[in-house]
Amino acid sequence: QVQLVESGGGLVQAGGSLRLSCAVSGRTFSSNAMGWFRQAPGKEREFVAAINRSGYSTDYADSVKGRFTIFRDNGKSTVYLQMNSLKPEDTAVYYCAARISPFIATMRNEYDYWGQGTQVTVSS
């Protein structure tokens, strides 16, 4: 049983920073590509960032490029999302996802396992 547990969400003012963490258990973490998605009220779940199994390749949604950074620690089986210069439009539930494949993907249906989500609220 693969489990993904997100943490680090919360309430922050615009311009502030948060770091999300996603701890993975039940599978060899270093063989999986990982991703972060988000879902705002009334909207579809959308891609935010992805990282390949080694951590040397990443991809980002245009809306977060230059502000968010995805990175991983394979020794701790954890992937992170560092979010800087947060904007009210970043408010959403953020989900961590894992692929069986080691390669980056940006589509929801390319991910095999999902966490329960963590709320991020950015006030103006």
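The residue count restarts for each chain, going from 1 along the sequence in the order it is written. Thresholds applied to this predicted model are a pLDDT of at least 70 for local features of residues and 80 or more for the giving and counting of side-chain atom pairs; totals over whole chains, interfaces and linings are not thresholded and use all residues. To obtain the side-chain values, all non-hydrogen atoms of the structure were included, while hydrogens and water were left out.

Asker: Any chance you could explain the nonpolar core here in plain terms?
Answerer: Here is a general trend for soluble globular proteins: nonpolar side chains tend to be buried in one another's company. By convention a nonpolar core is built from buried Ala, Val, Leu, Ile, Met, Phe, Trp, Tyr and Cys residues, the set being connected through side-chain atoms within 4.5 Å. Categorising residues by exposure relies on relative accessible area from a 1.4 Å probe, with only protein chains included: less than 20% of the type maximum marks a residue as buried, more than 50% marks it as exposed, and the intermediate range marks it as partly exposed. Formed by 34 residues in total, the largest nonpolar core has its most connected members in M34, W36, V79, L81, M83 and Y94. If we ignore the near neighbours within four places in the chain, the residues touching L81 are L18, R19, L20, W36, V48, A49, F68, T69, I70 and Y94. When checking whether two residues touch, look at their non-hydrogen atoms; a contact exists if any pair is within 4.5 Å.

Asker: Explain the packing of aromatic side chains here, please?
Answerer: Here a ring pair, both rings aromatic, is described through the centre-centre distance and the interplanar angle of the planes. When two rings of Phe, Tyr or Trp (its six-membered ring) have centres within 6.5 Å they constitute a pair, described as stacked for plane angles under 30 degrees, edge-to-face for angles over 60, and tilted for the intermediate range. Summed over the entire model, instances satisfying the criterion amount to five aromatic pairs. Here F37 and Y111 contribute two aromatic rings whose centre-to-centre distance is 5.2 Å and whose plane-to-plane angle is 80°, an arrangement assigned as edge-to-face. Placement of the pair is F37 in strand β4 (residues 34–39) and Y111 in the loop between β9 (92–98) and β10 (113–114), with a sequence separation of 74 residues. Each residue in the set F37, F47, Y111 and W114 is aromatic and connected to the rest through ring pairs, giving one cluster. Secondary structure elements are taken from DSSP: a helix is a run of H or I of four residues or more, a strand is a run of E of two residues or more, and numbering for both begins at the N terminus.

Asker: For this particular structure, what's the right way to read the side chain of N32?
Answerer: Residue placement: N32 occurs in the loop between β3 (18–25) and β4. Under the relative-accessibility criterion, N32 is labelled buried at 1%. A polar contact of 2.6 Å, which involves the side chain of N32, links it to the backbone oxygen of R99. Sequence-distant contacts of N32, that is, excluding residues within four places in its chain, are made with R27, N52, R53, R72, R99, I100, S101 and P102. N or O atoms within 3.5 Å of each other form a polar contact, as long as, within protein, one can give a hydrogen and the other can take it, and as long as residues adjacent in sequence are counted only when both atoms are side-chain atoms.

Asker: Teacher, can you tell me more about the sheet that holds strand β8 (residues 78–83) here?
Answerer: Sheet strands pair via backbone hydrogen bonds, and the direction of the pair is either parallel or antiparallel. Paired strands, in this sense, are two strands between which DSSP finds at least two bridges. Overall, antiparallel pairing links the four strands, which are arranged β1-β3-β8-β7 in an open sheet. Only two strands of the sheet have a single partner each, and these edge strands are β1 (3–7) and β7 (68–73). Between one strand axis and the next, the sheet turns by 15° as a mean value, whatever way the strands run. Direction of pairing for β3 relative to β8: antiparallel, over a ladder of six bridges. Across the sheet, S21 pairs through a bridge with Y80, a residue of β8. Here, axes are lines fitted to C-alpha atoms. For helices the fit covers the stretch in contact, and angles between N-to-C directions go from 0 to 180 degrees.

Asker: Where do I start with the pairing of β3 in this structure?
Answerer: On a regular strand, each side chain points to the face opposite its neighbour's, so the side chains alternate between the two faces of the sheet. Across five bridges, β1 lies against β3 in antiparallel orientation. Residue Q3 lies in a different strand from β3, and its bridge partner there is S25.

Asker: Is there a simple way to explain the pattern of salt bridges in this structure?
Answerer: Proximity of charged atoms lets side chains of opposite charge pair with each other. For this document, the term salt bridge refers to a Lys or Arg side-chain nitrogen within 4 Å of an Asp or Glu carboxyl oxygen. Applying the stated criterion to the full structure yields five salt bridges. Linking R108 and E44 is a salt bridge whose minimum nitrogen-to-oxygen distance equals 3.3 Å. Within this pair, whereas R108 is found in the loop between β9 and β10, its partner E44 is found in the loop between β4 and β5 (46–51), the two being separated by 64 residues in sequence. In this structure, the salt-bridge partner of R67 is D90, at a minimum N-O distance of 2.7 Å. Of this pair, R67 sits in the loop between β6 (58–60) and β7 while D90 sits in the loop between β8 and β9; the two residues are 23 residues apart in sequence, bridging distant segments of the chain.

Asker: When you look at unusual backbone geometry in this model, what are you seeing that I'm missing?
Answerer: With a phi close to 50°, S77 is a non-glycine residue in the positive phi region. Note that S77 resides in the loop between β7 and β8. Although it is not a glycine, S85 sits at a positive phi angle of roughly 50°. Considering the arrangement of structural elements, one finds S85 in the loop between β8 and β9.

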